[in-house]
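Architecture at a glance
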2 protein chains.
Amino acid sequence: MTHPLRIDDEECRRLAGVMEIIGKRWSSGIFLAIGRGAERFTEIEQRVEGLSARMLSVRLRELEAAGLVARTVEPTTPVSIYYRLTDRGAELLRSLQPMAHYARRWEPPLTR
Amino acid sequence: MTHPLRIDDEECRRLAGVMEIIGKRWSSGIFLAIGRGAERFTEIEQRVEGLSARMLSVRLRELEAAGLVARTVEPTTPVSIYYRLTDRGAELLRSLQPMAHYARRWEPPLTR
DNA sequence: CTGGATCCCTATCGATACTG
DNA sequence: CAGTATCGATAGGGATCCAG
C-alpha cells in the first residue's frame, strides 16, 4: 500500500456514474416520488413542482434505460401506465435515504 | 392521513437542492476526493480522472459557495492552498457513503 | 391520459492560452 | 502552484403543438 488514505478511483468513477443519472435536474425528485408511491405519469408530474411533461417523459426514459424504473402497461381502456422502482431502483432508494434526510435539514443555501 | 406512503414535497425540493450542487458533473468526484484527504488543487485534479483545471476551479467555487468546502491559505512561500470539508460537508459526506457503497456494485449500466 | 416532435434560447463544458 | 479568460461546440430544457 502507498498510504492509509487511499482514494478509490473506481468508487469515484462509479459514484459519478450513478450521479450522472439521478443527479440530473428533476431526476431525483421523480425518482423519490416513484419510490414513495406515485405510479402514474400525471401523478408524478403534479408531485414534482415545476416539472413539465416533456422533462418527465425524458427522465422516465433515462431511468428506465438505467434499469431503475419499470414501466407497466395495463390493458384497460384506455391503457393505464404505471411506473415503479425495480429491485435495483429500490436498492438505490435505500442508499439515498440518508441524503434525503440530510437534505431535510439543508438550510436555505448560504448563497444566492 | 390520506395514505401511509405520503410524499413529502418539501423533502423532494430539498433533495433536489442538494443534488443541484453535488449532482453536477465532477462535483461528486471532487467532493469525495476532498473528503478522502485530497487537499491541494493539483492533488484533486490528478485524483479525479479526466477533470480539467477549469472545471475543478468552477466546482470548487460552487462547493465553497454552498458551504460544503473551505479554502485555506497558508502563508508559505509561495502560498499553499488547502481545501477541506466543512462540518456541513462532512455531514453530507457521511450521508453520501451508502450511495458510494451502492455505486461500487453498480454494474455496467444495462443500456448503451 | 401519455407522451413524441419541433423550435429555439441558454447553460455547460472542453481546449487553449495566459497570470500572480 | 493555483488558478482566470476566452471561444466555440454541444447538451439541456422550456413552450408549444400534435397524436395514439
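Only a predicted model underlies this, so the values are computations on that prediction, with no experimental measurement involved. (Residues numbered from 1 in each chain as written. Chains lettered and ligands numbered in written order. Predicted model: local features only at pLDDT ≥ 70, side-chain atom pairs only at ≥ 80, totals over all residues. Heavy atoms only, no water.)

Another aspect to go through is the protein's contact with DNA strand D. Near DNA strand D, the surroundings consist of 15 residues, among which Arg54 and Arg59 of chain A together with Arg40, Ser57 and Tyr83 of chain B are the closest. Backbone sugar and phosphate groups make up 68% of those atoms of DNA strand D lying within 4 Å of the protein. Here arginine 54 of chain A contributes a side-chain N or O atom positioned 2.7 Å from a base nitrogen of DNA strand D. For DNA strand D, a phosphate oxygen lies 3.0 Å from a polar atom in the side chain of threonine 42 of chain B. Where the surface near DNA strand D is concerned, the elements lending two or more residues are helix H4 (53-65) of chain A together with helix H3 (41-47), helix H4 (53-65) and strand E2 (80-85) of chain B. Classifying every residue of the surface near DNA strand D gives five nonpolar, two polar and eight charged. (Near = heavy atom within 4 Å. Polar contact = N/O pair within 3.5 Å; in protein donor to acceptor, adjacent residues only side chain to side chain. Helix = DSSP H or I, 4+ residues; strand = E, 2+ residues; numbered from the N terminus. Nonpolar A, V, L, I, M, F, W, Y, C, P; charged D, E, K, R; others polar.)

All names here are of chain B. Sheet topology places strand E1 (residues 69-74) next to E2; six bridges connect them, and they run antiparallel. Its bridge partner lying in E2, alanine 70 is registered against arginine 84. Linkage of E1 to E2, two consecutive antiparallel strands, is achieved through a turn of five residues. (Pairing = 2+ DSSP bridges.)

Lining the immediate environment of DNA strand C, one finds 14 residues, of which Arg40, Thr42, Ser57 and Tyr83 of chain A together with Arg59 of chain B sit closest. In this structure, a phosphate oxygen belonging to DNA strand C sits 2.8 Å away from a side-chain N or O atom of arginine 71 of chain A. Arginine 25 of chain B is positioned with one of its side-chain polar atoms (N or O) 3.2 Å from a phosphate oxygen of DNA strand C.

On the chain A side, the residues contacting the 46 residues of chain B number 46 residues. Applying the counting criterion to the chain B and chain A interface returns eight salt bridges. For glutamate 49 of chain A, the salt bridge is made with arginine 13 of chain B, and the minimal N-O distance between the two is 2.8 Å. Here chain B and chain A share 10 residue pairs in polar contact (both at pLDDT 80 or more) between them. Sorting the residues of the side of chain B that touches chain A by element identifies helix H1 (9-22), helix H2 (27-35) and helix H5 (87-104) of chain B as the ones contributing at least two each. No other element matches H1 of chain B, which puts 12 residues into the side of chain B that touches chain A. (Contact = heavy atoms within 4.5 Å. Salt bridge = Lys/Arg side-chain N within 4 Å of Asp/Glu carboxyl O.)

Let us now look at the packing of aromatic side chains. Scanning all chains against the criterion turns up zero aromatic pairs over all chains. Of note, arginine 40 of chain A hangs over the ring of tyrosine 82 of chain A, and the distance from its end group to the ring centre comes to 4.8 Å. (Phe/Tyr/Trp six-rings, centres within 6.5 Å; stacked < 30°, edge-to-face > 60°. Lys NZ or Arg CZ within 6 Å of the ring centre and 35° of its normal.)

Where helix H1 (residues 9-22) of chain A meets H5 of chain B, the closest approach of the two axes is 8 Å, and the angle between their N-to-C directions is 100°. Put simply, H1 of chain A runs roughly perpendicular to H5 of chain B. The segment H1 of chain A lies against H5 of chain B, with Glu11, Arg14, Leu15, Val18, Met19 and Ile22 of chain A engaging Leu96, Met99, Ala100, Tyr102, Ala103 and Arg104 of chain B. (Axes fitted to C-alpha atoms, helices over the stretch in contact; angles between N-to-C directions. Parallel < 35°, antiparallel > 145°, perpendicular 65-115°, else oblique.)

Moving on to H5 of chain B. An α-helical turn contains 3.6 residues, so a residue and the one three or four places further along point in the same direction. Taking 1.5 Å of rise per residue, 18 residues should cover 26 Å, and H5 of chain B covers 25 Å from first to last C-alpha, within 8% of that figure. Turning to H5 of chain B, its buried residues number three or more, namely Arg88, Gly89, Leu92, Leu93, Ser95, Leu96, Met99, Ala100, Tyr102 and Ala103 of chain B. Where H5 of chain B is buried, its residues meet H1 and helix H5 (87-104) of chain A together with H1, H2 and E2 of chain B. (Expected span 1.5 Å × (residues − 1). Buried < 20%, exposed > 50% of the residue type's maximum accessible area, 1.4 Å probe, protein only.)

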